[in-house]
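Structural overview
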Amino acid sequence: MVLSLVDLCAQEVVRDHSSSPTWLRCVPRELYDALLRAAFSGCRPLAVGELVQRWPERRLRVSGGRNGSGSGGRNGSSGGTQPPNRLCIQALLLAVVRGLADHRCVLQVLDLCGLQRDTGGDPMGGWSLTVAICSMLGQARAGMQARREALGARREGEGERKRVLAMAREREGVKRERAPRKREREGEVVMETSSEGQGVAARTEEEKAVGVRRRMEQERRRGGGGGGEGSGGEESGAGSEEVLLQVRADLFVNARSWERVRAALSSPGPLRLTCRFLRVEELSVSNTRRLLELLPPPGLRGVDLRYSSLGMEGLSSLLPLLSSFPALGSLRLHYCHLDLRGSVTGQEEVLKEVALGLAQLPELRRLSLTALRLPGHLRLLLSSLARPLQVLELPYLNLSSADLAFLSCSHHASSLQRLDLSENRLDASSLPSIRRLLSQASSSLQHLTLCGCSLTDGLLGALLPSLTCCRALQSLGLALNPLSMAGLTQLVSSVVGMASLRHLLYPSPLEEYQPGLPELPSSAQLLDWPLDELHDATATATHLHSLARDRGRTDLVLTCDLLDYHHDLLD
């Protein structure tokens, strides 16, 4: 990436932290964005803290990878190639807390969406970032409480000093009022009154003394009452704490981080946490319900539930809560034990409740159901959605021919941009439905994954004409399919003519495996069966790349590495 002159100068400025007191006093607000970007790219956590603590814009957006970091106000978001370093992120969060007490900081919205990364440098993962953000909210709450208590102590001390002075003035006034006329007689002090007058004078002095004590007590009670009212005001203010800064982030919640997230969302404080994408793993249904109840409705765009014993009943109880989020556009359910078994009664009624719950999500555009084992029920689930889906992921769903036939004729087919049918066995009976589906989605489909679908040379050859008609297709995944070298050659020779295609994930040819592989192996067998060490591992890649190069497709990425290929990174 070619850096601008401003970026190059910013890197030189933040390189020496000892000079920061000099340039921080005179740097204009227009350069804070470039300086922060340079501090992130050069891993300068001290500079990051100094800049964020004095941030002159109302909005700061910091994200990972391609989006970079920057202010989302007048200058917009700035670009970057690497995610921020873990130390820089921690320095940023600490500086946000310090900035609450700094009059130079005018930050009101901190956007950390997309900041989490698991690769590249020393990034901060989703779980660690969630815990760090919750800790930041706790520190801000404790700091605000400490400042409030210190202010209350100063006010109480000032009030006590004023009360002492008032009491001293009262005593002086009483002494002046009491000055009795006394006369010495035979060494004793007697009053110049009769016995009746003496009694009246004694009572008068006692009443005056009682009056002074009463006034002092009333003054003390008045001061205590004022303190009580002030403390009551504080408690009522704590319930409706003024929000000074709104924090937006993607949250990753599991059993270990649940208590911290719950405290961050339920306890009032100067920072308010909102969530864009929520990922929940191994959390009970009751805690998941509580989490959804605590989240602010505006802003939540996606929910990802994984590795949970949710069940159909649990899902049907969560969907009404999800309907309270007006912007929810993505729902992903991975390994949530939603299997339907014929021996259990009442499952059809629960499935209908789930379908009605999905119908209450008007903005839903992405639906992912992984390993749910719902054969023959796709029509009931998807027909309840009024608006068509753009992303549909159905891996390990054990789809039947009826499911594929419905999908090819549904109102979702012509709007699909991403389709994942991995690990659903395809045969000659399902081939017409797949071809019809590809024909319907030819103008919109951008990402297609058919990994582990038992596609042989013959089935793939019959499918290639429909594949090549998808003129918007950018990525194609066909790993773990039993294809020979001849089938791979036919595949690459066909797809190189697709100008939009950028990524192709192909399987290792059957010739590269050791002898003994079944005639029609499953994806699990292809994944576990050892490759033949005598076979040149680079020969296949060299041959396929030469085919693409001869057609002028040097921009086409060909790979058989499952770890190197991930469709979420293709956006």
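Read on for a plain summary of the structure.

What counts and how
Residues numbered from 1 in each chain as written. Predicted model: local features only at pLDDT ≥ 70, side-chain atom pairs only at ≥ 80, totals over all residues. Heavy atoms only, no water. Helix = DSSP H or I, 4+ residues; strand = E, 2+ residues; numbered from the N terminus. Buried < 20%, exposed > 50% of the residue type's maximum accessible area, 1.4 Å probe, protein only. Contact = heavy atoms within 4.5 Å. Areas by Shrake-Rupley, 256 points an atom, 1.4 Å probe, with all protein chains shown as cover. Phe/Tyr/Trp six-rings, centres within 6.5 Å; stacked < 30°, edge-to-face > 60°. Lys NZ or Arg CZ within 6 Å of the ring centre and 35° of its normal. Polar contact = N/O pair within 3.5 Å; in protein donor to acceptor, adjacent residues only side chain to side chain. 1 Å grid on protein atoms, 1.4 Å probe; cavity = no way out; pocket = protein on both sides within 12 Å on 5 of 7 lines; lining within 4 Å. Points joined across faces, edges and corners; volume = space filled by probe spheres on them. Nonpolar A, V, L, I, M, F, W, Y, C, P; charged D, E, K, R; others polar. Disulfide = S-S within 2.5 Å. Axes fitted to C-alpha atoms, helices over the stretch in contact; angles between N-to-C directions. Parallel < 35°, antiparallel > 145°, perpendicular 65-115°, else oblique. Core = buried A, V, L, I, M, F, W, Y, C linked by side-chain atoms within 4.5 Å. Left-handed = near helix turned anticlockwise from the far one by under 90°. Pairing = 2+ DSSP bridges. Right-handed = clockwise from strand over helix to strand, strands pointing away. Arc of directions from axis to C-beta. Patch = residues over 30% accessible without salt bridge, like charges linked within 9 Å, V, L, I, M, F, W, Y side chains within 5 Å. Salt bridge = Lys/Arg side-chain N within 4 Å of Asp/Glu carboxyl O. Lys, Arg positive; Asp, Glu negative; His and termini not counted. Charge placed at Lys NZ, Arg CZ, Asp CG, Glu CD. Expected span 1.5 Å × (residues − 1).

Moving on, we come to the overall build of the chain. On a plain count of helices and strands, the chain comes out with 18 helices and 16 strands. Counting all 571 residues of the chain, 45% fall into the buried class. Here the contacts in the chain between residues at least 6 apart in sequence split such that 79% fall between residues at least 24 apart. Surface exposure of the chain reaches about 28,700 Å², of which carbon and sulfur atoms provide 51%.

A few words now on the packing of aromatic side chains. This structure, assessed with the given rule, holds two aromatic pairs. Ring plane angle 85° and centroid distance 6.0 Å describe the contact between Tyr-32 and Trp-55, whose orientation is recorded as edge-to-face. Of this pair, Tyr-32 sits in helix 3 (residues 32-41) while Trp-55 sits in the loop between helix 4 (45-53) and strand 1 (59-62), and the two are 23 residues apart along the sequence. Since its relative accessible area comes to 0%, Trp-55 is described here as buried. Consider the rings of Tyr-307 and Tyr-335, whose centres lie 5.7 Å apart with planes at 15°: the pair is stacked. In this pair, Tyr-307 sits in the loop between strand 8 (302-306) and helix 10 (311-322) while Tyr-335 sits in the loop between strand 9 (330-334) and helix 11 (347-359), placing the two residues 28 residues apart along the sequence. Positioned above the aromatic ring of Trp-127 is the side chain of Arg-256, whose terminal nitrogen or guanidinium carbon lies 4.4 Å from the ring centre. Over the ring of Phe-252 we find Arg-279; its NZ or CZ atom is 4.8 Å from the centre of that ring.

This part takes up the side chain of Asp-111. Position of Asp-111 relative to the elements: it lies in strand 3 (residues 109-111). Engagement of the side chain of Asp-111 in a polar contact is seen with the side chain of Arg-59, the distance being 3.1 Å. Polar contacts involving the side chain of Asp-111 include one to the main-chain amide nitrogen of Cys-113, which spans 3.1 Å. Apart from the residues within four sequence positions on either side, Asp-111 is in contact with Arg-59, Leu-60, Arg-61, Val-62 and Arg-248.

Taken as a whole and judged by the stated rule, the model has four cavities of 30 Å³ or more. Considered as a void within the structure, the largest cavity measures approximately 60 Å³ in volume. Forming the boundary of the largest cavity are Met-312, Leu-315, Leu-333, Leu-338, Val-354, Leu-358, Leu-367, Leu-369, Leu-372, Leu-374 and Leu-381. Each residue belonging to the lining of the largest cavity can be placed in one class, and the counts come to 11 nonpolar, no polar and no charged.

Such a bond, covalent and formed between the sulfur atoms of two cysteines, is termed a disulfide. One pass over the structure, following the stated rule, counts zero disulfides. In this model Cys-470 remains outside any disulfide bridge; the closest cysteine sulfur is found in Cys-469, 7.1 Å from its own. With relative accessibility at 1%, the residue Cys-470 sits in the buried group.

Turning next to unusual backbone geometry. The residue Glu-282 is not glycine, and still its phi comes out positive at about 50°. With respect to the element layout, Glu-282 can be found in the loop between strand 7 (271-281) and helix 9 (285-294). Despite not being glycine, Tyr-307 has its phi angle at roughly 50°, a positive value.

Below, the discussion takes up the packing of helix 9 against helix 10. The angle between the axes and the distance between the axes are what describe a pair of packed helices. Relative orientation of the contacting elements helix 9 and helix 10 amounts to 5°, with a least axis distance of 10 Å. Taken as axis vectors, helix 9 and helix 10 run roughly parallel relative to one another. Residue-level contacts link Val-285, Thr-288, Arg-289, Leu-292 and Glu-293 of helix 9 to Gly-314, Ser-317, Leu-318, Leu-321 and Leu-322 of helix 10. Per-class residue counts for the contact of helix 9 with helix 10 are five nonpolar, three polar and two charged.

Before going further, it helps to spend a moment on the nonpolar core. The biggest cluster of nonpolar side chains holds 135 residues, and the ones touching the most others in it are Leu-92, Leu-112, Leu-278 and Leu-331. Residues contacting Leu-112, with those up to four places away along its chain left out, are Val-62, Leu-92, Leu-93, Ile-133, Val-247, Arg-248 and Ala-249. By size, the runner-up hydrophobic cluster in this structure holds seven residues, among which are Leu-480, Tyr-513, Leu-517 and Leu-526.

Before going further, it helps to spend a moment on the environment of Arg-29. Note that Arg-29 resides in the loop between helix 2 (20-24) and helix 3. A distance of 3.1 Å separates a polar side-chain atom of Arg-29 from the backbone oxygen of Pro-56.

To continue, consider the packing of helix 3 against helix 4. Two numbers describe how helix 3 lies on helix 4: the axes approach to 8 Å, and their chain directions differ by 155°. When the axes of helix 3 and helix 4 are compared, the pair comes out roughly antiparallel. Here the hand of the crossing between helix 3 and helix 4 comes out left-handed. Of helix 4, the residues touching helix 3 (which contributes Tyr-32, Leu-35, Leu-36, Ala-39 and Phe-40) are Ala-47, Val-48, Leu-51 and Val-52. Residues belonging to the contact of helix 3 with helix 4 are distributed by class as follows: nine nonpolar, no polar and no charged.

For a regular strand, the rule is simple: side chains alternate between the two faces of the sheet. Pairing of strand 6 (residues 245-253) with strand 7, which is carried by eight bridges, proceeds in the parallel orientation. Note that in strand 7 the partner of Ala-249 across the bridge is Cys-275. Once you follow strand 7 into helix 9 and on to strand 8, the crossover reads as right-handed.

Our next topic: helix 8 (residues 258-266). Buried within helix 8 we find Trp-258, Val-261, Ala-264 and Leu-265. What you see down the axis of helix 8 is that its buried residues fit within an arc of 130°, all on one side.

Here we come to a negative patch on the surface. A cluster of acidic side chains, namely Glu-313, Glu-348, Glu-349 and Glu-353, defines a negative patch on the protein surface. Take the negative patch: its biggest share by element is three residues, from helix 11. Secondary-structure assignment places Glu-353 in helix 11.

Right, let's get into helix 10. A rise of 1.5 Å per residue sets the reference length of helix 10, with its 12 residues, at 16 Å; its end C-alpha atoms lie 16 Å apart and thus fit the reference within 8%. With nine of its 12 residues buried, helix 10 lies for the most part within the structure. Residues of helix 10 that are buried make contact with helix 9, strand 8, strand 9 and helix 11.

On the surface, Leu-3, Leu-5 and Leu-8 cluster together into a nonpolar patch covering about 270 Å² of accessible area. If you trace the backbone, Leu-3 turns up in the segment before helix 1 (5-15).

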